[in-house]
Amino acid sequence: MKREHQQICGAAAAGGYGSSSGSKGESSSTNKGKLWGEDRDSGDMDELLGVLGYKVRSSDMADVAKKLEQLEMVMGTAQEGGISHLASDTVHYNPSDLSSWVQSMLTEFNSPATSNLDPVFPNSDSNSAKPRQQQIVGSNQSQVYNDDSEYDLRAIPGVAAYPQPKRIKTSGNDSSSSPTESSARPVVLVDLQEAGVQLVHTLMACAEAVQQENLKLADALVKHIGLLAASQAGAMRKVATCFAEALARRIYGVYPQDSLHPSYTDVLQMHFYETCPYLKFAHFTANQAILEAFATAKKVHVIDFGLKQGMQWPALMQALALRPDGPPAFRLTGIGPPQPDNTDALQQVGWKLAQLAETIGVEFEFRGFIANSLADIEPDMLGIRPPEVETLAVNSIFELHRLFAQPGVIEKVLCSIKTMKPKILTIVEEEANHNSPVFVDRFNEALHYYSSFFDSLEGSGVATPSQDLVMSELYLGRQICNVVACEGVERVERHETLAQWRTRMETSGFSPVHLGSNAYKQASMLLALFAGVDGYRVEENDGCLMLGWHTRPLIATSAWQLATAE
Amino acid sequence: MVQNHHRGCHHQDHQEIVRENKEKRPKFFINDHVDILIEILKRLDCRSLCVAASVCRLWCTIARNDSLWENLCFRHVSPPPSSLRSVVLALGGYKRLYMGCVRPVQSRLGRVRRASWARDEVQLSLSLFCVDYYERLGGGSSSNGRLVGESSPSSLMFLCKPVNV
């Protein structure tokens, strides 16, 4: 058995001290006591506790923790006045021998009602130097204990919570028959080095439990996740916390809001825009494709499915202004959601863009459309002019996946796009499959995806946690909540992979347009500017560009044209 | 003797030149020849130009002249289209472009730069510059009870952060 640092977790009094390495890798398993109980005269004392004045053998640590927990339980549930005798009448012998002292406390409690206790339960409160562990373990069916199903962590697969599951089962505690009567409160030991792995396993187990509608177990697991997450640092902790919160929302049926003011989500997205390159990448690559499609056109029209703050368009307008044969007449149609307070956010964005256009000398026209869903937009509303007169580009950044929430909508929208006859359609989407009907698959996929995402935020070179970083994490956290906690129409973050999009677009009558090397170059340069340059990767995938963190692609830009076009 | 005579006709002794200048012409003050000064300052790099700006008021005025910074921006690139100037000036001028975008871009990309990227660097800088201008437009949009009431443009903040080398 390898040497492990052991941290006792879940025991209220244990508070997180670890045993010294002198423990020679003893496992927590209490039935180890059986093997060497009486022989150990001079077991190693735990150093850390020794500093505090307590003498506890490292080998006894697990047991002591368990007893402390039991004691706490008991004290918590004791009747009024039931524990006062501890202060006045009881004689405390040698409290520094923690193990036996706790034992004696426990017997103080249990002696009044020992009728159904195992008779071998030691009733003395003398200094028993070596508590008989095996007996205690085997028989604590005291009525003092509540239903411990929430602590039945055996559900956690693998060796996540129980390093040696086999031994636990044969220890004789068993109520392997029904988990609801767990005979002993199992002590969970968290190996610091494996805590990350345990965290992931616990998350997955919780998702599994949720899928099986075992909400009680899921609830317990969620709490356990919270505990484990606290022992982590950085990105892993944030991801785990987000997912734990999302799971908790799902379990309790508290679906998040959509009541957040859209301008708040815009603010979040702005911070996200500034902290990391994903949105910039999306904008620059899409702009490059649009620019190339607009090569020599004199009049151009862009329809933006999600205008938000319009951050994509200044760069395009500047590039158009500097075209060798002068800028075209540029028309922009922006689509956005309705604002609760009836302010016309779209118009304000349009006004800002108009100011910019005037500054740089581009003829500009703007129109805003407020729509709850893209399906509500009919092509004839948009005032589209025939292709000979005006070249059209349709742009969708992280918008199309929302349409999967309702059946048939995506087909309708793609059909509308086809009737608009755009020269080019640019789509940027998250590269992940978060739309699987099976909850666990979705969950696992999301866990890996957002872990990479958070990792990249972490690695973006921001030394101190800045407001931007926090906002970006909130932005992602909301997505996570949506993927995990929501269902049906409310679950709008239904991401699909590039491969899935390809199939969908091709069957709908579009053919791919390859993003050229200019786009690739721009994207690479853009990424090189970000502090975390070593992590970001631009990949070219059969004409589409993907931006990822290390080996995991996170977003993908693709461009499409009507299949019949030449 | 002959040599002296030679020198007298074609080359004057250095000391004699000085003496003559002192006698006949006033000393050469660079500040009197602003066009030469500009030619010289045009060829300086950013740091030297900034240092030059603290020499005296005239130099400061010249160094602030946007056309000098234009040269800086496009030093390694073939001459840009003429329409560029009006755009850049409208967006805030070359000095701003250089200090805000071109310089950080060039220094960040210094490690990975390839020769062919010079033009693209400038183009990227221009795009970022434009975005920054747009953000600074702010205008009436900040009055909408936005939860985070800041309207300070920060789309270029990522360029200001120290690079983790």
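Treat the numbers as computed from the prediction; the structure is a model and nothing was measured.

**A few points about the overall build of chain A**
In terms of regular secondary structure, chain A is built from 19 helices and eleven strands. Burial status across chain A gives 58% buried among its 566 residues. Taking as baseline every contact in chain A between residues at least 6 positions apart, the subset at least 24 positions apart corresponds to 75%. Of the roughly 23,400 Å² of accessible surface on chain A, a fraction of 53% belongs to carbon and sulfur atoms.

**Here we look at helix 18 (residues 498-507) of chain A**
Residues and elements named next belong to chain A. Taken residue by residue, helix 18 has Leu 498, Trp 501, Arg 502 and Met 505 as its buried positions. Down the axis of helix 18, the buried set is contained in an arc of 105 degrees. They therefore lie on one face. One or two residues past the end of helix 18 sits Gly 509, with phi positive at roughly 100 degrees.

**Topic: a nonpolar patch on the surface**
Together, Phe 28, Ile 36 and Ile 40 of chain B line one region of the surface with nonpolar side chains, adding up to about 290 Å² of accessible area. Tracing the sequence through the fold places Ile 40 of chain B in helix 3 (residues 34-42).

**Structural notes on the UniProt feature "domain: F-box" (unreviewed entry) in chain B**
According to UniProt, the positions carrying the feature "domain: F-box" (unreviewed entry) are residues 34-72 of chain B. End C-alpha to end C-alpha, residues 34-72 of chain B measures 19 Å, and it is 77% helix and 0% strand.

**Notes on the environment of Lys 223 of chain A**
Residues and elements named next belong to chain A. With respect to the helices and strands, Lys 223 occurs in helix 9 (residues 215-230). With relative accessibility at 47%, the residue Lys 223 sits in the partly exposed group. Between the C-alpha atom of Lys 223 and that of Ala 248, which follows or precedes it by 25 residues, the distance is 8.9 Å.

**Quick word on the pattern of salt bridges**
Residues and elements named next belong to chain A. The full count for this structure, using the stated rule, is 18 salt bridges over all chains. Among the ionic pairs, Arg 552 bridges to Glu 445, the shortest N-O distance being 3.4 Å. In this pair, Arg 552 is assigned in strand 11 (residues 552-562) and Glu 445 in helix 16 (residues 439-458), connecting sequence segments 107 residues apart. Assessed through its relative accessible area of 24%, Glu 445 is described here as partly exposed.

**Examining the packing of aromatic side chains**
Remark: the centre distance and the inter-plane angle together describe each pair of aromatic rings, the angle taken between the planes. All names here are of chain A. Counted under the stated rule, the structure contains 15 aromatic pairs over all chains. Here the aromatic rings of Phe 404 and Trp 501 are separated by 5.3 Å at their centres, their planes lie at 35 degrees, and the arrangement is tilted. Of this pair, Phe 404 sits in the loop between strand 6 (391-397) and helix 15 (409-420) while Trp 501 sits in helix 18, placing them 97 residues apart in sequence. Summarising the burial analysis for this pair, Phe 404 and Trp 501 share the class buried. Between Tyr 536 and Trp 549, the ring centres sit 5.1 Å apart and the planes meet at 75 degrees, which makes this aromatic pair edge-to-face.

**Focus on the confidence of the model for chain A**
Chain-level pLDDT for chain A is 74 on average; 71% of the residues reach the 70-or-more range. With pLDDT under 50 throughout, residues 112-184 of chain A is counted as low confidence; its partners more than four residues away or in other chains account for 112 contacts.

**Side note on the pairing of strand 11 of chain A**
Within a regular strand, side chains alternate between the sheet's two faces. Residues and elements named next belong to chain A. With respect to burial, strand 11 is a largely interior element, ten of its eleven residues being buried. Strand direction decides the pairing type here: strand 7 (residues 424-430) and strand 11, joined by six bridges, are antiparallel. Following the sheet pairing, Val 428 is matched in strand 11 by Thr 557. Pairing geometry for strand 8 (residues 510-513) and strand 11, over four bridges, is antiparallel. Looking at the pairing, Ser 511 lines up with Gln 561 of strand 11. The sheet contact formed by strand 10 (residues 544-549) and strand 11 spans five bridges and is antiparallel. Looking at strand 11, one finds that Met 546 is bridged to Ala 556. If you look at the hairpin formed by strand 10 and strand 11, you'll find two residues sitting between the two strands, and His 550 has a positive phi there, around 50 degrees.

**Describing helix 19 (residues 517-529) of chain A**
Because each turn of an α-helix spans 3.6 residues, side chains separated by three or four positions end up pointing in the same direction. For helix 19 of chain A, built from 13 residues, the straight-helix expectation of 18 Å at 1.5 Å per residue is met to within 8% by its first-to-last C-alpha distance of 18 Å. Looking only at helix 19 of chain A, the buried set comprises Ala 519, Gln 522, Ala 523, Ser 524, Met 525, Leu 526, Leu 527, Ala 528 and Leu 529 of chain A.

**Some remarks on the packing of helix 14 (residues 345-360) of chain A against helix 7 (residues 83-91) of chain B**
Running from N to C, helix 14 of chain A and helix 7 of chain B cross one another at 135 degrees; their axes reach a closest spacing of 8 Å. As far as their axial angle goes, helix 7 of chain B and helix 14 of chain A are oblique. Each of Leu 356, Thr 359 and Ile 360 of chain A in helix 14 of chain A lies in contact with helix 7 of chain B, whose residues at this interface are Val 87, Ala 90 and Leu 91 of chain B. The class makeup of the residues in the contact of helix 14 of chain A with helix 7 of chain B is five nonpolar, one polar and no charged.

Basis of the calculations
Residues numbered from 1 in each chain as written. Chains lettered and ligands numbered in written order. Predicted model: local features only at pLDDT ≥ 70, side-chain atom pairs only at ≥ 80, totals over all residues. Heavy atoms only, no water. Helix = DSSP H or I, 4+ residues; strand = E, 2+ residues; numbered from the N terminus. Buried < 20%, exposed > 50% of the residue type's maximum accessible area, 1.4 Å probe, protein only. Contact = heavy atoms within 4.5 Å. Areas by Shrake-Rupley, 256 points an atom, 1.4 Å probe, with all protein chains shown as cover. Arc of directions from axis to C-beta. Patch = residues over 30% accessible without salt bridge, like charges linked within 9 Å, V, L, I, M, F, W, Y side chains within 5 Å. Salt bridge = Lys/Arg side-chain N within 4 Å of Asp/Glu carboxyl O. UniProt positions renumbered as here; feature names shortened; annotations may be inferred. Phe/Tyr/Trp six-rings, centres within 6.5 Å; stacked < 30°, edge-to-face > 60°. pLDDT = per-residue confidence, 0-100. Pairing = 2+ DSSP bridges. Expected span 1.5 Å × (residues − 1). Axes fitted to C-alpha atoms, helices over the stretch in contact; angles between N-to-C directions. Parallel < 35°, antiparallel > 145°, perpendicular 65-115°, else oblique. Nonpolar A, V, L, I, M, F, W, Y, C, P; charged D, E, K, R; others polar.

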